[in-house]
Amino acid sequence: MNKRATNSSFLNERLDFNAKYSRADFLSWLTGHLSSIPFCTVLDVGCGTGAQAVWFGRKVLSRGKTCAFDISESSISQLKSSLPAGISVETCVGSMDELISVVKDNFGNIKFDLVHSSYSLYYARDINSVLEAMFVLLEPSGSLAISGPYETNTLLSFLSRFHDIPQLSWDCLKFIDDCVLPFCNKRFRNIESHIFINDQFVTDVNDFARFYRSATFFDPAAEKRVLKEVNSIINKDGCFHIRKNGKLVIAREKI
Ligand SMILES: C[S@@+](CC[C@H](N)C(=O)[O-])C[C@H]1O[C@@H](n2cnc3c(N)ncnc32)[C@H](O)[C@@H]1O
């Protein structure tokens, strides 16, 4: 797999860029929607450096258990070393492609009130198999929450003028509608979805360069031309506007 998809230093670069330039804060938006779900046991799949897992740990405290895993050792070690005092998150390194055994071997025979995955599920070898495994790990009254990129990504369209974009970058814009929603419609009674409008107004080409170099669609052969064009847009318009939306699906009441 592309090392930019799993290495924590690349993930940190992207998160820093989003924190600096996104008009709306994804974590506040996401947790606003998750707040209505009652949970004591939660599983975070593809947790990265813990952007959401720490929030889960804070919500659950001693009432239950927060479990989180990622395929990236560096992300899990950053999550462990940065946990705020008093917050407990059980972690392990593992692949969602072996979801059931990763959970059983590391967290025990446990079922969850909430299984969550943000911006990770599209890396699965087979998204439907992972969704099936998530379903098995849910309590009968449990909820599933999946988010990811959605439909609009003006940066990919811009970059496609300069180089090929990996197919996964295009496919992941559709995985919520193509895979997650059809699965949830079959397996749950109550489904809601929400769109995250994510505008970024980039004013510093060096910030953009760091972000671009950390992205899975980075192309070193085109870097100079891309940065020259972004710089000239910033000089002309005052900023380089990117819109990259997201979508969240929350499914409750297993059938
Ligand atoms: C864009 S990051 C999202 C991380 C976190 N959920 C967040 O929103 O900050 C995608 C994560 O998926 C992880 N990942 C990729 N393939 C995986 C797999 N097969 N199993 C588990 N995690 C995986 C990567 O290592 C990375 O941390």
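Residues numbered from 1 in each chain as written. Predicted model: local features only at pLDDT ≥ 70, side-chain atom pairs only at ≥ 80, totals over all residues. Heavy atoms only, no water.

**Digging into the overall build of the protein**
- When helices and strands are counted, the protein shows 12 helices and eight strands.
- Taken against the 2.2 N^0.38 rule, which gives 18 Å for 255 residues, the C-alpha radius of gyration of the protein at 18 Å falls within 12% of a compact globule.
- Projected onto its principal axes, the C-alpha coordinates of the protein cover approximately 55 × 40 × 30 Å.
- A separation threshold of at least 6 residues defines the contact pool for the protein, and within that pool the share at least 24 residues apart is 79%.
- Roughly 11700 Å² of accessible area belongs to the protein as shown, and the carbon and sulfur atoms make up 49% of that amount.
- Of the side chains in the protein, 29 bear a positive and 28 a negative charge, and the two mean positions are spaced by 2 Å. (Helix = DSSP H or I, 4+ residues; strand = E, 2+ residues; numbered from the N terminus. Rg over C-alpha atoms; globule rule 2.2 N^0.38 Å. Contact = heavy atoms within 4.5 Å. Areas by Shrake-Rupley, 256 points an atom, 1.4 Å probe, with all protein chains shown as cover. Lys, Arg positive; Asp, Glu negative; His and termini not counted. Charge placed at Lys NZ, Arg CZ, Asp CG, Glu CD.)

**Notes on the site of the ligand**
- The local shell around the ligand holds 22 residues, among which Gly46, Gln52, Asp70, Met96 and Ser118 are the closest.
- Residue glutamine 52 places a side-chain N or O atom 2.9 Å away from an oxygen atom belonging to the ligand.
- A distance of 3.1 Å separates a nitrogen atom of the ligand from a polar atom in the side chain of serine 95.
- Burial of the ligand by the protein chains amounts to 95% of its free accessible area of 600 Å².
- Sorting the residues of the shell around the ligand by element identifies α1 (3–6) and α2 (8–21) as the ones contributing at least two each.
- A class-by-class count of the residues in the shell around the ligand yields 10 nonpolar, nine polar and three charged. (Near = heavy atom within 4 Å. Polar contact = N/O pair within 3.5 Å; in protein donor to acceptor, adjacent residues only side chain to side chain. Nonpolar A, V, L, I, M, F, W, Y, C, P; charged D, E, K, R; others polar.)

**Topic: the packing of aromatic side chains**
- According to the stated counting rule, one finds 19 aromatic pairs in the structure shown.
- With 4.3 Å between their ring centres and 20° between their planes, phenylalanine 17 and phenylalanine 211 make a pair best called stacked. One end of the pair, phenylalanine 17, is in helix α2; the other, phenylalanine 211, is in helix α11 (residues 205–214), and 194 residues separate them in sequence.
- What makes phenylalanine 211 buried here is its relative accessible area of 4%.
- Where phenylalanine 135 meets phenylalanine 188, the ring centres are 5.4 Å apart and the plane angle is 80°; that geometry is what we call edge-to-face. Here phenylalanine 188 lies in strand β6 (residues 188–196) and phenylalanine 135 lies in helix α7 (residues 127–137), a separation of 53 residues in the sequence.
- What links up through ring pairs into an aromatic cluster is the set Phe17, Tyr21, Phe158, Phe162, Phe208, Phe211, Tyr212, Phe218 and Phe240. (Phe/Tyr/Trp six-rings, centres within 6.5 Å; stacked < 30°, edge-to-face > 60°. Buried < 20%, exposed > 50% of the residue type's maximum accessible area, 1.4 Å probe, protein only.)

**Remarks on the pattern of salt bridges**
- Overall, the coordinates contain 12 salt bridges when judged by the stated rule.
- Between arginine 125 and glutamate 98 there is a salt bridge; the shortest N-O distance is 3.5 Å. With arginine 125 in the loop between β4 (112–118) and α7 and glutamate 98 in the loop between β3 (90–93) and α6 (99–107), the pair connects residues that are 27 residues apart, well separated along the chain.
- Judged by its relative accessible area of 67%, arginine 125 is exposed.
- What you see here is one network of salt bridges that share partners, running through Lys20, Asp207 and Arg210. (Salt bridge = Lys/Arg side-chain N within 4 Å of Asp/Glu carboxyl O.)

**Here we look at the environment of leucine 248**
- Note that leucine 248 resides in strand β8 (residues 240–254).
- Note: C-alpha distance between leucine 248 and serine 147 (101 residues apart in sequence) is 4.2 Å.
- Residues in contact with leucine 248, not counting those within four places in the same chain, are Trp29, Leu30, His33, Ala145, Ile146, Ser147, Glu192, Ser193 and His194.

**Details of the nonpolar core**
- Ranked by internal contacts, the top residues of the largest apolar core, which has 37 residues, are Leu43, Leu99, Leu121, Met134 and Leu144.
- Going through the elements one at a time, β1 (41–45), β2 (65–70), α6, β4, α7, β5 (138–153), α10 (175–187) and β8 are the ones with two or more residues in this core.
- With residues near it in sequence (within four places) discarded, methionine 134 still touches Val45, Leu99, Val115, Ser117, Leu121, Leu144 and Ile146.
- Judged by nonpolar contacts, the second largest core, of 26 residues, contains Ala209, Ala222, Val226 and Ile233. (Core = buried A, V, L, I, M, F, W, Y, C linked by side-chain atoms within 4.5 Å.)

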